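Remarks on the overall topology
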Amino acid sequence: MATRSKFTPFATRGRRSVTAILLTFALSSALSVSLSINSTARSSHRAEVVQIAARQRTLAEAYVADVLLAQTTWALAPRRTATILSASATALLDGGEAPAVEGDDDATVLPPTTEPGIRRQLEQEQRLVNDLIDTGAALLNDQPVDTRLTAGERITVTDPLLRLRVLAALTSSVSLNAARSISAAADRAVGESVTLQIV
């Protein structure tokens, strides 16, 4: 009658197998944690970026209102709004501090945008902001409004105030699209993180 061999995983000959299994578990855990941290890092600070991107819409409209008020009263408000608008556009694109809007205490430091599609939208927004500010400054200084625009706009109205309003509307629209794209990218990153955890 044949003798049956006993299963002894912790015997001397089985220690290599047990060590290999433990190493496999340790490596897979380390890989999972590393991928989770990487995925989470890509999703961090998205709320602040979306907030500043959405705020650009309000600032564009506020700039027009400030220019209108400054034509009859105080000329400092448009410059301050223009500075915040321009600095925020730069921070959204290249990273850095987006200054606070007075009364909101919403200054924040943003990471640079690396996703190519969103960068293109923010570059377009930055050009529109520059055109808006240049048009407002010309209007305030009683200078002719320069017809050369840097964002490729085709504005047919010649009245300086209407031109300013059209530029503000375009800036607002591009800002909204950028905020939506940033939110969608953040949602995708979270979805990828969930998928990664399932895998």
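What you see is a predicted model; the values in this text were computed from it and never measured.

Looking only at helices and strands, one finds five helices and two strands in the protein chain. When the helices and strands of the protein chain are read in sequence order from the N terminus, they spell out α-α-α-β-β-α-α. Out of the 199 residues belonging to the protein chain, those deemed buried represent 34%. A separation of at least 24 residues holds for 63% of the contacts in the protein chain among residues at least 6 apart in sequence. A total accessible area of about 12,400 Å² is found for the protein chain, and carbon and sulfur atoms account for 58% of it.

Right, let's get into the nonpolar core. With 21 residues, the main nonpolar core has Y63, L132 and L164 as its most contacted residues. Of all the elements in the fold, those that place two or more residues in this core are α2 (46–70), α3 (76–94), α4 (116–140) and α5 (160–198). Aside from chain neighbours lying at most four places away, what touches L164 is Y63, V64, V67, L132, T135, G136 and L139. Core analysis: the second largest hydrophobic core is formed by 14 residues, A91, L92, A98 and A179 among them.

Attention now goes to the side chain of D131. Take D131: it is sitting in helix α4. One buried charged side chain, D131, makes no salt bridge at all; its nearest oppositely charged neighbour is R127, positioned 7.3 Å away. Here the side chain of D131 touches T150 through a polar contact of 2.9 Å, side chain to side chain. At a separation of 3.3 Å, a polar atom in the side chain of D131 contacts the main-chain amide nitrogen of A151. When sequence neighbours within four positions are dropped, the list of residues in contact with D131 reads L149, T150, A151, E153 and L167.

Moving on, we get to the environment of L128. The residue L128 is located in helix α4 in this model. Assessed through its relative accessible area of 2%, L128 is described here as buried. A C-alpha to C-alpha distance of 9.9 Å links L128 and A60, two positions 68 residues apart in sequence.

Our focus in this paragraph is the pattern of salt bridges. Counting across every chain of the model gives four salt bridges. E102 is the partner of R80 in a salt bridge, and the nearest nitrogen-oxygen pair spans 3.4 Å. Of this pair, R80 sits in helix α3 while E102 sits in the loop between β1 (96–98) and β2 (108–110), and the two are 22 residues apart along the sequence. Overall, R80 belongs to the partly exposed group, its relative accessible area being 33%. On the basis of relative accessibility, which here comes to 62%, the residue E102 falls in the exposed class. Note that R188 is salt-bridged to E115, the shortest N-O span being 3.1 Å. Within this pair, whereas R188 is found in helix α5, its partner E115 is found in the loop between β2 and α4, the two being separated by 73 residues in sequence. Owing to a relative accessible area of 32%, E115 belongs among the partly exposed residues under this scheme.

Among all residues except glycine, the phi angle is most often negative; among peptide bonds, the trans geometry is most common. With a phi angle near 55°, D142 is a residue other than glycine that sits in the positive phi range. Here D142 is to be found in the loop between α4 and α5.

What counts as what
Residues numbered from 1 in each chain as written. Predicted model: local features only at pLDDT ≥ 70, side-chain atom pairs only at ≥ 80, totals over all residues. Heavy atoms only, no water. Helix = DSSP H or I, 4+ residues; strand = E, 2+ residues; numbered from the N terminus. Buried < 20%, exposed > 50% of the residue type's maximum accessible area, 1.4 Å probe, protein only. Contact = heavy atoms within 4.5 Å. Areas by Shrake-Rupley, 256 points an atom, 1.4 Å probe, with all protein chains shown as cover. Core = buried A, V, L, I, M, F, W, Y, C linked by side-chain atoms within 4.5 Å. Lys, Arg positive; Asp, Glu negative; His and termini not counted. Salt bridge = Lys/Arg side-chain N within 4 Å of Asp/Glu carboxyl O. Polar contact = N/O pair within 3.5 Å; in protein donor to acceptor, adjacent residues only side chain to side chain.

So yeah, pure geometry; function would need other evidence.
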